[in-house]
Amino acid sequence: MAETTLRIADDNRIRTLTLNRPDVLNAFNEELYLATATALRDAAADDEVAVVLLTGEGRAFSAGNDLNEMQRRITDPAFNEQGSHFTTMIDALADFPKPLICAVNGVGVGIGATILGYADLVFMSADARLKTPFTSLGVAPEAASSYLLPRLIGRQNAAWLLMSSEWVDAVEAHRMGLAWKVCPPEELLAEARRHAEVLASRPIASLMAVKQTMTAPTREGIDAATARENEHFAVLMGAAANASALADFTGKRDQ
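Conventions adopted
- Residues numbered from 1 in each chain as written.
- Predicted model: local features only at pLDDT ≥ 70, side-chain atom pairs only at ≥ 80, totals over all residues.
- Heavy atoms only, no water.
- Helix = DSSP H or I, 4+ residues; strand = E, 2+ residues; numbered from the N terminus.
- Buried < 20%, exposed > 50% of the residue type's maximum accessible area, 1.4 Å probe, protein only.
- Axes fitted to C-alpha atoms, helices over the stretch in contact; angles between N-to-C directions.
- Parallel < 35°, antiparallel > 145°, perpendicular 65-115°, else oblique.
- Left-handed = near helix turned anticlockwise from the far one by under 90°.
- Contact = heavy atoms within 4.5 Å.
- Nonpolar A, V, L, I, M, F, W, Y, C, P; charged D, E, K, R; others polar.
- Expected span 1.5 Å × (residues − 1).
- Arc of directions from axis to C-beta.
- Core = buried A, V, L, I, M, F, W, Y, C linked by side-chain atoms within 4.5 Å.
- Pairing = 2+ DSSP bridges.

Enquirer: Explain the overall build of the chain here, please?
Expert: Scanning the chain from terminus to terminus reveals 12 helices and 10 strands. Considering the chain as a whole, with its 255 residues, one finds that 49% of them fall into the buried category.

Enquirer: Quick question: what am I supposed to make of the packing of helix α1 (residues 30-45) against helix α4 (residues 86-95) here?
Expert: The relative placement of two packed helices comes down to the angle between their axes together with the axis-to-axis distance. It is at 8 Å that the axes of α1 and α4 come closest, and there the two elements cross at 25°. With respect to α4, the axis of α1 lies roughly parallel. Between α1 and α4 lies a crossing of left-handed hand. For the pair formed by α1 and α4, the contact residues are Glu30, Tyr33, Thr36, Ala37, Leu40 and Arg41 on the first element and Phe86, Thr88, Met89, Asp91, Ala92, Leu93 and Asp95 on the second. Class assignment of the residues belonging to the contact of α1 with α4 gives a composition of seven nonpolar, two polar and four charged.

Enquirer: Please clarify how helix α9 (residues 188-200) should be interpreted in this entry.
Expert: The periodicity of an α-helix, 3.6 residues per turn, causes residues three or four positions apart to be oriented the same way. In a regular helix each residue adds 1.5 Å, so 13 residues correspond to 18 Å; α9 covers 18 Å between its end C-alpha atoms and thus fits that length. For α9, the set of buried residues is Leu188, Ala192, Arg193, His195, Ala196 and Ala200. Along the axis of α9, the buried positions cluster into a sector of 165°, meaning they face one direction only.

Enquirer: Please clarify how the nonpolar core should be interpreted in this entry.
Expert: The nonpolar side chains of a soluble globular protein tend to be buried with one another. Of all hydrophobic cores here, the largest spans 57 residues; its most connected members are Met89, Ile111, Leu116, Tyr118 and Met124. Apart from residues no more than four positions distant in its own chain, Tyr118 is found in contact with Ile90, Leu93, Ala94, Leu100, Ala143, Ala144, Leu148, Lys211 and Ile222. Core analysis: the next-biggest nonpolar cluster, separate from the first, contains 15 residues, Val51, Phe123, Ala196 and Leu207 among them.

Enquirer: Would you explain the pairing of strand β7 (residues 121-125) in this entry?
Expert: The side chains of a regular strand alternate, first on one face of the sheet and then on the other. Judged by how many residues are buried, β7 sits mostly within the fold: five of five residues are covered. A two-sided burial pattern is seen for β7, the buried positions comprising Leu121, Phe123 and Ser125 on one face and Val122 and Met124 on the other. Bridging between strand β5 (residues 100-104) and β7 involves four bridges; their strand directions are parallel. Residue pairing in the sheet places Ala103 in a bridge with Phe123 of β7.

Enquirer: What should I look at first to understand the sheet that holds strand β8 (residues 129-131) in this one?
Expert: Adjacent strands of a sheet form backbone hydrogen bonds with each other and so pair up, either parallel or antiparallel. The four strands are arranged β4-β6-β8-β9 in an open sheet whose pairing can be described as mixed. On the outer flanks of this sheet lie β4 (60-62) and β9 (168-169), each paired with one strand and no other. Sheet analysis places strand β6 (residues 107-109) next to β8, joined by two bridges and oriented parallel. From the neighbouring strand, Val109 faces β8, where its bridge partner is Lys131.

Enquirer: Is there a simple way to think about the sheet that holds strand β1 (residues 6-11) in this case?
Expert: Sheet architecture is open: six strands sit in the order β1-β2-β3-β5-β7-β10, paired in mixed fashion. Edge strands, defined here as strands with exactly one partner in the open sheet, are β1 and β10 (181-183). Across the sheet, the axes of successive neighbouring strands diverge by a mean angle of 20°, strand direction being ignored. Judged from the three bridges that link them, β7 and β10 form a sheet pairing that is parallel. Paired with Ser125 across the two strands is Cys183, which belongs to β10. In the packing of α1 onto the sheet, contacts are made with β1, β2 (14-19) and β3 (51-56), and the angle to β2 comes to roughly 180°.

Enquirer: Even after reading the chapter, I still don't get the packing of helix α6 (residues 145-153) against helix α11 (residues 219-236), so can you show me in this structure?
Expert: α11 packs onto α6 with a crossing angle of 130° between their chain directions and a minimal axis gap of 8 Å. The angle between the axes of α6 and α11 places the two elements in the oblique class. Taking contact as the criterion, the partners of Ser145, Ser146, Tyr147 and Leu148 in α6 are, on α11, Gly221, Ile222, Ala225 and Glu229. Considered class by class, the residues forming the contact of α6 with α11 number four nonpolar, three polar and one charged.

So, in structure tokens, the structure goes:
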């Protein structure tokens, strides 16, 4: 039996979700989008889960969207017509009513970086790096990052992150406010878990009340931003700049 793309472990009211496609740097394919969304929904409904801790297996947090699948969406109309569980996962993140902690253990690219906009606390390994390569791929932002990141880290920090397609290291991510704490690699999970245990010791109903009152004002903004991003994405995906970038990446450019 093939190993699951998402490992789930419970301990002391903390549910740890580990992205588990280390051979492709934990890139999100349709299976992993759906598995993550399902795990978040299940954790939301489970009275024994107070906090969710999300991290990655191996040397990456997540390399983002599986670009081979993105290429296939351009070349295979039948695959494209199936829709994507990307939206399923974003909805689950936006609706998640309990504390969500991300432990960024390595590179976070694309959704591997923008997912942090939904986290309540972000811990980064000192050797981790983030990048949102939308402009290098010729596409638009995603995951309501055009709305969440300016609110979280300020307009100019968000503009650089979303427009430049450049790497941001852990020190810079901390300065921006995208990471709450930077930890030595060997201490990352223990430090994230120590804080998760503090939260998990509190009444779940109270944790949920705090989160709901903090996030309720953003829900309509997330929906509106997602709609705007999807509109731009639909125009740009498969257009010349995007097709060229994906062909370069996947090695499918005609010789």
